[in-house]
Amino acid sequence: MTVNLKISLAFIICLLIIIISSLFSYRSTQQLIVTGSWVVHTYEVKAVLETVISELKDAETGQQGYLLTDELTYLKPYKISVAKINHNLNKLSSLTNDNNRQQQNISRLTMLVNEKLQELKETIELAQGGYKDDAIKLILTHQGKRIMDDIRIIIDNMAFEETHLLSERQQQASKAIKIANFITSTGGLLALIFIGCIALFIKREATRYIAERERASSAIISSEQMFRNLMESAYDGIIMVDNKGKIASVNERLIIMTGYTKTELIGQQVELLIPERFSNHVKLRENYLGKPYTRAMGAGRELCLQGKSGDEVPVEISLNPVTINDELLVSVLLHDISKQKQMEDELRYLACHDALTGLYSRNKMDLKLNEEIQRASRYKHSMSIFMLDIDHFKDVNDTYGHDVGDEVLKHIANEIERSIRTTDFAVRFGGEEFIIILPETITEKAEELADRLRNSIANFNMTTKSDKNIKLTVSIGIATYPNHATTIPDLLKAADTAMYAAKEAGRNQIMVT
């Protein structure tokens with residue numbers, strides 16, 4: 001086998017290793033994207049389940065209020081909740097249509113919800129017909145409580161099923177990513193080893209055929225070209241560093257990653273590409289060169305590569321010492337992990353933000369409310385919250401469709417973020433409801449801020465993507481800690497009560513609990 005053929009074969013093997021490693025890296029990125037979508041799906045299912053139980057409680061509260069007072073105003077929240085429940089049950093069915101167990105749970109849940117609504121309807125009709133005592137007797141049978149207990153059990157089971165499925169998918173994704181990373185790292189190491197072997201082979205063959213200058217010279221030129229082609233075709237950046245820490249050569253990928261030219265890099269200390277905060281890199285390099293060893297990708301800490309513009313690129317590195325012409329060189333393979341870092345940031349963002357509006361999610365709201373209540377308690381000052389609901393939002397969906405409804409939600413979210421202070425905290429609470437947390441804010445100031453937000457929304461004619469003009473108004477309920485409540489559930493309940501009072505007063509109103 002000729003020298004050129006041997007080098008060509010090694011080059012092909014290295015190229016195949018690099019291609020396979022790149023494919024597995026791409027696969028791990030895709031797996032992260034899929035996992036992110038399941039995280040959003042799970043939180044959405046849980047949110048709808050919480051909305052169903054909340055709406056049943058609202059309906060039951062309206063029924064009890066009517067039986068106790070005979071005031072028809074208590075039937076408004078009952079009717080509103082009944083209207084929303086079937087929509088949310090259909091939404092649950094759509095979200096879980098690929099899961100037979102969840103579909104069975106939804107069938108059972110729908111039956112129980114209908115039974116509960118029928119029980120509520122019967123007691124209200126009895127009371128309206130003048131048989132309030134019979135209605136109360138029906139309630140005292142505790143049939144409704146048993147149904148609600150069964151509903152809660154099914155909802156808890158469905159939430160557990162979603163969490164369990166998410167955990168299984170995350171485990172599968174983690175396993176696939178680990179395998180892909182191992183293959184990528186191993187492939188990079190093998191490519192470096194082959195590069196080192198090629199370099200050694202070139203040196204050996206040049207020495208062997210020194211007497212035949214013409215043939216030896218031709219072989220060396222051919223081998224060097226192959227070596228350069230191999231480096232230039234690598235998916236990752238490659239730097240060859242000598243035993244004094246100076247850059248001996250780089251590939252084209254490294255040039256693209258840093259923005260330097262080869263002339264600007266060759267002969268410079270490798271620390272030119274290391275951010276200043278890694279001030280101990282010189283010592284680490286000297287220790288490594290004192291006793292060099294092969295280090296696979298991922299075996300050490302992550303580093304950042306600093307480009308000519310000062311921008312940084314997060315990288316994983318692998319090291320492989322080689323000796324060429326009796327000189328120790330270290331081949332450094334730098335794998336750009338920017339996309340992986342970006343995906344991790346996006347997953348963290350989705351975990352605490354609403355996917356449609358970009359506002360914070362309910363999970364984040366609970367943490368923020370707890371933090372602000374503790375701070376208000378410690379420093380003896382007030383804090384307030386708004387509960388904001390879009391008036392006639394169901395009519396918007398029914399008239400224009402859910403796509404326009406989504407545009408309305410995003411418009412309201414944008415208007416909230418534009419109107420509130422930088423210290424305030426906006427949350428999509430669920431459906432068309434929003435929560436705004438106002439740190440260090442007394443009730444009077446909260447009313448002023450709420451009225452400004454309400455006017456801003458009411459005075460703006462929204463134009464949808466399909467050129468439909470929609471007039472929007474909102475009803476806002478205000479509650480203040482510690483004046484109206486001292487716990488998170490009570491504070492939310494107080495704001496919710498005030499918000500419903502605003503709706504009953506004619507909508508486009510602000511009410512304080």
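Everything below is about the structure shown above.
Residues numbered from 1 in each chain as written. Predicted model: local features only at pLDDT ≥ 70, side-chain atom pairs only at ≥ 80, totals over all residues. Heavy atoms only, no water.

**Q** Describe the sheet that holds strand β2 (residues 247-250), listing the residues and the values that go with them.
**A** The strand order β2-β1-β5-β4-β3 describes an open sheet built from five strands, whose pairing is antiparallel. In this open sheet, the two edge strands, each paired with only one partner strand, are β2 and β3 (303-306). In this sheet, adjacent strand axes meet at a mean angle of 40° when their direction is disregarded. Across ten bridges, strand β4 (residues 312-324) lies against strand β5 (residues 327-336) in antiparallel orientation. Residue pairing in the sheet places Ser318 in a bridge with Leu333 of β5. (Pairing = 2+ DSSP bridges. Helix = DSSP H or I, 4+ residues; strand = E, 2+ residues; numbered from the N terminus. Axes fitted to C-alpha atoms, helices over the stretch in contact; angles between N-to-C directions.)

**Q** So what's going on with the environment of Asp403? Residues and values would help.
**A** Summarising the element assignment, Asp403 is placed in helix α13 (residues 402-419). Taking C-alpha positions, Asp403 is 9.7 Å from Thr464, a pair spaced 61 residues apart along the chain.

**Q** Before we move on, could you go through helix α3 (residues 100-128) and cite the residues and values that matter?
**A** Owing to its 3.6 residues per turn, the α-helix aligns residues three or four sequence positions apart on the same side. Compared with an ideal rise of 1.5 Å per residue, which puts 29 residues at 42 Å, α3 spans 42 Å between its outermost C-alpha atoms and is within 8% of the ideal. Every buried residue belonging to α3 is among Gln102, Ile106, Leu109, Leu112, Val113, Lys116, Leu117, Glu119, Leu120, Thr123, Ile124 and Ala127, and all of these are buried. If you check the start of α3, you find a side-chain oxygen 3.0 Å away from the backbone N of Arg101, and it comes from Asn99. (Expected span 1.5 Å × (residues − 1). Buried < 20%, exposed > 50% of the residue type's maximum accessible area, 1.4 Å probe, protein only. Polar contact = N/O pair within 3.5 Å; in protein donor to acceptor, adjacent residues only side chain to side chain.)

**Q** Can you break down the packing of helix α2 (residues 75-95) against α3 residue by residue, with the values?
**A** Axis separation between α2 and α3 bottoms out at 11 Å; the angle between their running directions is 165°. With respect to α3, the axis of α2 lies roughly antiparallel. The crossing of α2 and α3 is left-handed. Contact residues: α2 offers Leu75, Tyr78, Val82, Ile85, Asn86, Leu89, Leu92 and Ser93, while α3 offers Gln103, Ile106, Leu109, Thr110, Val113, Asn114, Leu117, Leu120, Lys121, Ile124 and Gln128. When its residues are assigned to classes, the contact of α2 with α3 shows twelve nonpolar, six polar and one charged. (Parallel < 35°, antiparallel > 145°, perpendicular 65-115°, else oblique. Left-handed = near helix turned anticlockwise from the far one by under 90°. Contact = heavy atoms within 4.5 Å. Nonpolar A, V, L, I, M, F, W, Y, C, P; charged D, E, K, R; others polar.)

**Q** Can you explain a nonpolar patch on the surface? Please cite residues and give values.
**A** Taken together, the side chains of Ile12, Leu16, Ile19, Ile20 and Leu23 define a hydrophobic patch exposed on the protein surface, amounting to about 460 Å² of accessible area. Topologically, Leu23 is positioned in helix α1 (residues 3-69). A relative accessible area of 55% means that Leu23 is categorised as exposed. (Patch = residues over 30% accessible without salt bridge, like charges linked within 9 Å, V, L, I, M, F, W, Y side chains within 5 Å. Areas by Shrake-Rupley, 256 points an atom, 1.4 Å probe, with all protein chains shown as cover. Salt bridge = Lys/Arg side-chain N within 4 Å of Asp/Glu carboxyl O.)

**Q** An account of the pairing of β5 is needed here, citing residue identities and associated values.
**A** Extensive coverage of β5 is indicated by the burial of seven of its ten residues. Note that strand β1 (residues 237-242) and β5 share six bridges and pair antiparallel. Its bridge partner being in β5, Met240 is matched across the sheet by Ser331. Hairpin remark: β4 followed by β5, antiparallel, with two residues in the connecting loop; positive phi at Asn325, about 55°.

**Q** Describe unusual backbone geometry, naming the residues involved and giving the relevant values.
**A** Here Tyr481 and Pro482 are connected by a cis peptide whose omega angle stands at 0°. By the secondary structure assignment, Pro482 is in the loop between β11 (474-481) and α15 (488-504). The phi dihedral of Arg507 is positive, around 65°, even though this residue is not glycine. Counting through the fold element by element, Arg507 comes out in the loop between α15 and β12 (510-512). Even without a glycine there, the phi angle at Asn508 is positive, about 55°. Mapped onto the secondary structure, Asn508 falls in the loop between α15 and β12.

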